[in-house]
Amino acid sequence: MLALMATLVVLALILGSVLGWVAFFKLNSLLKDVATLRKNMQNILHRIENLGGVAPAAIAPEHGMQEPPHISEDLQVTVADAGAVLKSAAVMENVWTGDNETTVEVSASPNLDSQLPGQSTADLVSRLKDQWMIWLGGISIGLSGIFMVRYSIEQGLLGPAARVMLSLGAALALHALAEFGRRRNVSQYQALAALAGGASIILYAALLAALNLYSLISPVPAFVALAMVSMATLALAVLHGPVLAILGILGAYAIPLLVETGNDSILGLYIYSLIITSAAILLMQHVYRSWLWGYMLLGSFGWWFVSLTIDAADGYRGYYLAALAYIYLALPLWDWLLNKPDRGFSESHDAGDKIQGYHISQAPVFRSLLLIVLAFGISIIVEASASSAIFYWTPLVGLLIIAAGHHGDLYKLALASLVIQLIAWLSLGLTFDDGIKLQGLIGPDQFDFLIYALWMTFVYSALSLRNLNLGSNENAWFALAVISPLAWLSLCYLLVTDLSQSIYWGALSVILGVFYLSIALWRLRKGELTAALRSTDQEQDMFVVWLILAGHFAYSLAVAIMFREAGLTLALSAQLLSIAWVIHRFDLPHMNLLLKLVLAVVVIRLTLNPWLLMYSADLHWSLWTYGGATVFCGLATWRLRGNEPLQKWLEAATLHLFVLTLWAETRYWLYDGEIFRQQVELMEFAINTALWSSLALVYYQRHKVSQNLKIFYLYASRILLALALASYLVVLFPLNPLWSGQQVSATPILNILLLAYGFPVVISLLLYRFYDADIRRMLGITFGLSAFIFISLEIRHLWQGALDITLTTGNGELYTYTIVWLLMAVACLLAGSIHFGNSVYRAGFGLMMGVIGKIFLFDMAGLEGLLRVASFMGLGLSLLGLAYLYQHFNLSPKSNES
């Protein structure tokens with residue numbers, strides 16, 4: 001089997017070489033013919049110019065002419081024909097040379113636009129399809145050199161020095177052959193570029209073998225030699241084009257995989273990768289292609305990814321990523337101090353839409369650096385240690401922030417580095433043994449992390465203030481400077497569990513909050529005084545906004561540390577009033593987002609409490625947590641009266657919290673303080689029906705006033721309404737006291753029936769009045785049915801003192817049903833006639849027919865003599881009287897529905 005595989009490899013190498021040389025000689029012949037054709041066409045164009053026409057090159061748009069010059073009609077056909085032939089020759093040349101990236105600018109007529117090199121974009125599949133001979137030939141040449149070294153090792157034919165020298169000689173001979181062929185031909189041949197690329201691969205392999213396999217040279221000379229090979233490849237790629245670049249540079253990344261060195265030095269691997277990356281970027285100064293940059297990223301990040309499984313790489317990854325980031329920033333435009341004017345690293349600039357042709361300034365530097373930041377976070381998680389973290393991770397953070405001081409787009413990367421760090425360190429404190437739990441760091445890592453967090457706080461704040469003084473993105477840098485200390489303080493509180501109960505965390509957070517708010521108040525007072533002296537309106541001070549934001553965040557962190565769960569929610573809700581006062585007092589519309597954020601936290605926390613936290617039943621916490629939050633939200637609404645958009649937000653939230661307060665208090669008193677007790681009984685589902693239906697109405701009202709979350713509130717409202725309906729159906733059927741055995745108090749009216757069956761009547765009426773008009777008909781039907789059921793159950797309970805379908809129904813109870821249902825039918829008939837239309841009228845008519853049937857079949861079944869006569873006489877007179885009233889007052893049912 002091995003012999004067969006070896007034979008196939010040798011045949012593939014021979015076939016690739018033969019096909020490459022056949023293509024080379026065939027190409028040489030064809031290009032000579034094309035050159036002759038081009039020369040003849042140029043002579044024709046010169047003759048046209050001498051006759052008074054304009055050559056195509058002169059009328060191309062890139063020559064800066066606003067309007068193309070006039071061409072005589074007699075010459076237009078000749079110019080068009082000559083230009084078309086010349087263009088066809090150029091296309092033929094491009095096809096045979098395999099250069100799909102280059103087009104010749106020929107304009108056959110004044111109305112045709114010239115093509116730019118950057119406008120021709122062939123995907124990878126098309127490129128491989130068109131240039132398969134070139135690629136196969138170049139790869140075959142490179143593999144032949146590598147396998148030559150391996151074969152000499154396996155067979156023991158030559159000594160170490162002889163093997164290396166043979167490989168070097170073969171590589172140099174191939175390079176010489178490629179250069180000889182290039183000089184003999186005017187046009188650029190991609191086959192020669194592939195030949196030179198294969199020679200470079202052999203040089204890399206030989207030098208690595210001399211360093212790692214035979215120890216013929218020490219690391220420093222080896223890397224110097226590798227750098228020289230990279231520089232030579234760079235110089236040759238300028239002459240041969242991108243094919244040499246991709247085969248030489250990307251092949252260099254793959255050499256350690258192809259040649260087994262037996263040396264696990266991760267530092268040497270990182271240095272080698274950085275050298276190749278630098279060479280690739282220097283090369284792209286002259287032959288830039290976006291796909292070449294992508295392959296460079298693949299190679300440089302590939303070795304970082306491989307190192308994640310190597311323990312020896314711990315401590316080096318941070319330096320490698322920092323060096324990689326510096327190379328990406330400095331080399332493309334030779335910005336060694338990273339202080340050149342803003343070049344625009346954002347994604348809109350990466351595309352290079354405004355640059356004609358190919359240029360290194362089109363390189364996607366921003367996205368490449370973003371990958372480095374992501375790799376930064378993954379490396380922290382992999383190393384999972386705070387020991388010496390200051391030395392490992394500071395270089396990259398400092399580099400990004402310093403570079404962002406002169407390049408505004410890079411601020412996003414500085415911020416991303418902070419966020420990624422926080423997420424990475426927090427993940428190290430999680431445990432997944434029994435669900436996801438936060439256990440913090442363990443052992444000495446806690447003290448090391450404290451030192452690291454203090455240092456990072458200084459780095460982010462100090463460098464952000466340094467960039468602030470440079471005058472670029474002032475608001476953004478100030479925000480990062482004031483928020484980063486609080487971010488690291490929060491992380492320390494979560495991860496350093498040995499000190500989690502210490503009051504010093506809360507005290508430190510309070511001190512920071514007071515400090516920030518004091519500076520904000522001082523700046524506000526100063527701004528008011530300046531505006532008063534100048535008799536002008538006070539300008540918006542974004543520094544004040546960020547200080548207030550940071551101050552409130554510090555306050556929230558302090559109460560989270562120092563208060564119990566219930567007190568935490570109340571303390572957070574108190575911020576609603578303070579933020580509302582700041583917005584009203586100093587006219588700071590930018591604080592609206594903070595108010596909405598705090599409001600969302602309070603509402604979500606109280607809404608999801610049954611699934612988040614459990615509280616002790618010895619305290620009446622529901623009143624001062626739910627009720628207190630409602631009061632603070634109401635006061636904030638009152639404070640912002642006149643600010644209509646924000647006031648509507650607060651009004652809807654106040655109503656939401658008020659409903660939650662009623663729900664919590666009801667459960668508190670019903671379950672002896674155990675508000676979150678879960679049990680399958682009538683009371684539980686009755687409370688759920690009331691809560692979900694009320695919240696559905698509240699969320700629909702919020703949907704009407706919201707600007708950005710209309711769809712969210714609408715769908716949330718409909719989901720809650722569906723849950724309420726499902727809960728009510730459970731109350732009606734499985735848990736109905738008539739047959740389920742659920743106990744109902746003997747107290748008339750004021751019992752569980754009022755909540756379970758009476759509240760749905762009220763809420764369905766409110767929904768009919770204030771909810772979506774598209775389902776109003778269904779809500780009206782729900783109101784009628786729920787009212788009928790509630791009244792009937794109350795009649796049963798009043799007569800029996802309990803609800804049980806097995807109890808005997810007396811005549812008094814039957815007559816009560818008849819009288820009440822008859823009154824309900826009359827009310828429906830009148831309501832349908834006067835206002836609500838045919839649907840209500842038909843419902844009343846149906847109920848009336850049911851009542852009449854009940855009278856005939858049940859109520860009068862046992863009557864005899866004069867009682868039967870009087871009963872039928874009374875029923876007949878009642879119906880005739882109702883008909884008379886309809887005719888007298890013209891009470892015909894309305895044809896329209898309202």
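A quick note: this is a predicted structure, and the numbers were derived from the prediction, not measured.

## Looking at the overall build of the protein
Within the protein one finds 32 helices and 2 strands. In the protein, which comprises 898 residues, the share counted as buried stands at 47%. In the protein, the proportion of contacts linking residues at least 24 apart, taken out of those at least 6 apart, comes to 72%. Carbon and sulfur atoms form 67% of the exposed surface of the protein, whose accessible area is close to 45,100 Å².

## Some remarks on the packing of helix α14 (residues 389-404) against helix α16 (residues 445-469)
Running from N to C, α14 and α16 point in directions that differ by 15°, and their axes come no closer than 10 Å. Judged by the angle between their axes, α14 and α16 are roughly parallel. The element α14 and its partner α16 pack so that their crossing is right-handed. Only Ile451, Tyr452, Trp455, Met456, Val459, Tyr460, Leu463, Ser464, Arg466 and Asn467 of α16 make contact with α14, whose side of the interface consists of Ala389, Ile390, Trp393, Thr394, Val397, Gly398, Ile401, Ile402 and Ala404. A breakdown of the residues in the contact of α14 with α16 according to their chemical character gives 14 nonpolar, 4 polar and 1 charged.

## Quick notes on unusual backbone geometry
Among all residues except glycine, the phi angle is most often negative; among peptide bonds, the trans geometry is most common. Phi is positive for Ser388, close to 60°, though the residue is something other than glycine. Position of Ser388 among the secondary structure elements: in the loop between α13 (365-383) and α14. In this structure, Ile749 takes a positive phi of about 65° despite not being glycine. Positionally, Ile749 belongs in the loop between α27 (737-740) and α28 (752-770).

## Remarks on the pattern of salt bridges
Applying the stated criterion to the full structure yields 4 salt bridges. Put simply, Asp772 and Arg718 hold a salt bridge, and the shortest N to O gap is 3.4 Å. Of this pair, Asp772 sits in the loop between α28 and α29 (776-800) while Arg718 sits in helix α26 (residues 710-732), and the two are 54 residues apart along the sequence. Residue class for Asp772 comes out buried when judged on its relative accessible area of 12%. According to the relative accessible area criterion, Arg718 is partly exposed, its value standing at 40%. As a salt-bridge pair, Arg796 and Glu813 come within 3.1 Å of each other at their nearest N and O atoms. Taken together, the positions of Arg796 in helix α29 and Glu813 in helix α30 (residues 811-836) put the pair 17 residues apart, joining distant regions of the chain. Each member of the pair Arg796 and Glu813 is classed as buried. Salt bridges sharing partners connect three or more residues here, namely Asp314, Arg317 and Glu383.

## Notes on a nonpolar patch on the surface
A surface patch of nonpolar side chains, about 470 Å² in accessible area, is lined by Leu267, Ile271, Tyr316, Tyr319 and Phe391. Tracing the chain through its elements places Tyr319 in helix α11 (residues 317-330).

## Here's the deal with the nonpolar core
Counting residues in hydrophobic clusters, the biggest one holds 196 residues, and the most contacted among them are Tyr328, Trp425, Phe449 and Trp488. When residues no more than four places from it in sequence are discounted, the contact partners of Trp488 are Leu418, Gln421, Leu422, Trp425, Phe449, Tyr452, Ala453, Met456, Thr457 and Tyr460. Grouped together as the second largest cluster of nonpolar side chains are 12 residues, Ile795, Leu847, Ile852 and Met860 included.

## Observations concerning the packing of aromatic side chains
Across all of its chains, the model carries 20 aromatic pairs by this definition. Taking 6.5 Å as the distance between ring centres and 40° as the angle between the ring planes, the aromatic pair formed by Phe449 and Tyr452 counts as tilted. One end of the pair, Phe449, and the other, Tyr452, are both in helix α16, 3 residues apart, so they sit about a helical turn from each other. The pair formed by Phe449 and Tyr452 is uniform in burial state, with each residue classed as buried. Taking 6.4 Å as the distance between ring centres and 50° as the angle between the ring planes, the aromatic pair formed by Phe449 and Trp488 counts as tilted. You can see Phe449 sitting in helix α16 and its partner Trp488 sitting in helix α17 (residues 474-495), a full 39 residues away along the chain.

## Digging into the side chain of Thr637
By the element assignment, Thr637 lies in helix α23 (residues 621-639). At 2.8 Å, the side chain of Thr637 and the backbone oxygen of Cys633 are in polar contact. Apart from the residues lying within four places of it in its own chain, the contact partners of Thr637 are Gln647, Leu650, Glu651 and Thr654.

## Some thoughts on the confidence of the model for the protein
In this model, the protein carries an average pLDDT of 75, and 69% of its residues clear a pLDDT of 70 or more. Here residues 346-357 scores under 50 on pLDDT; set against residues more than four positions off or in separate chains, the count is 23 contacts. The low-confidence segment residues 532-539, where pLDDT is below 50, has 6 contacts with residues more than four positions distant or belonging to other chains.

## Describing the environment of Ser300
Within the secondary structure layout, Ser300 lies in helix α10 (residues 290-307). With a relative accessible area of 0%, Ser300 lands in the buried category. Measuring from C-alpha to C-alpha, the distance between Ser300 and Tyr272 comes to 9.8 Å, with 28 residues separating the pair along the chain. Residues within four places of Ser300 in sequence aside, it is in contact with Tyr253, Ser273, Thr277, Tyr320, Leu324 and Tyr328.

## Quick notes on helix α24 (residues 644-670)
Compared with the 39 Å implied by 1.5 Å per residue over 27 residues, the 39 Å span of α24 between its first and last C-alpha is a close match. Of the residues one or two after α24, Asp672 is the one with positive phi, at around 55°.

## Re the packing of α24 against helix α25 (residues 682-705)
Contact geometry for α24 and α25: axes closest at 9 Å, N-to-C directions at 175°. Considering their axes alone, α24 and α25 lie roughly antiparallel with respect to each other. Note on element contacts: α25 touches α24 through Met683, Glu684, Ile687, Leu691, Ser694, Leu695, Val698, Tyr699, Arg702 and Val705, opposite Lys648, Trp649, Ala652, Ala653, Leu655, His656, Val659, Leu660, Trp663, Thr666, Arg667 and Leu670. Tallied by class, residues from the contact of α24 with α25 come to 15 nonpolar, 3 polar and 4 charged.

## Considerations on the side chain of Gln421
Along the chain, the position of Gln421 falls in helix α15 (residues 411-428). Apart from the residues within four sequence positions on either side, Gln421 is in contact with Phe376, Ile380, Val397, Tyr452, Met456, Tyr460 and Trp488.

## Let's talk about α30
All of the buried residues along α30 are Glu813, Leu814, Tyr817, Thr818, Trp821, Met824, Ala825, Leu829, Gly832 and Ser833. Phi for Gly837, located one or two positions after α30, is positive at around 90°.

Here is what the cut-offs are and how they apply
Residues numbered from 1 in each chain as written. Predicted model: local features only at pLDDT ≥ 70, side-chain atom pairs only at ≥ 80, totals over all residues. Heavy atoms only, no water. Helix = DSSP H or I, 4+ residues; strand = E, 2+ residues; numbered from the N terminus. Buried < 20%, exposed > 50% of the residue type's maximum accessible area, 1.4 Å probe, protein only. Contact = heavy atoms within 4.5 Å. Areas by Shrake-Rupley, 256 points an atom, 1.4 Å probe, with all protein chains shown as cover. Axes fitted to C-alpha atoms, helices over the stretch in contact; angles between N-to-C directions. Parallel < 35°, antiparallel > 145°, perpendicular 65-115°, else oblique. Left-handed = near helix turned anticlockwise from the far one by under 90°. Nonpolar A, V, L, I, M, F, W, Y, C, P; charged D, E, K, R; others polar. Salt bridge = Lys/Arg side-chain N within 4 Å of Asp/Glu carboxyl O. Patch = residues over 30% accessible without salt bridge, like charges linked within 9 Å, V, L, I, M, F, W, Y side chains within 5 Å. Core = buried A, V, L, I, M, F, W, Y, C linked by side-chain atoms within 4.5 Å. Phe/Tyr/Trp six-rings, centres within 6.5 Å; stacked < 30°, edge-to-face > 60°. Polar contact = N/O pair within 3.5 Å; in protein donor to acceptor, adjacent residues only side chain to side chain. pLDDT = per-residue confidence, 0-100. Expected span 1.5 Å × (residues − 1).

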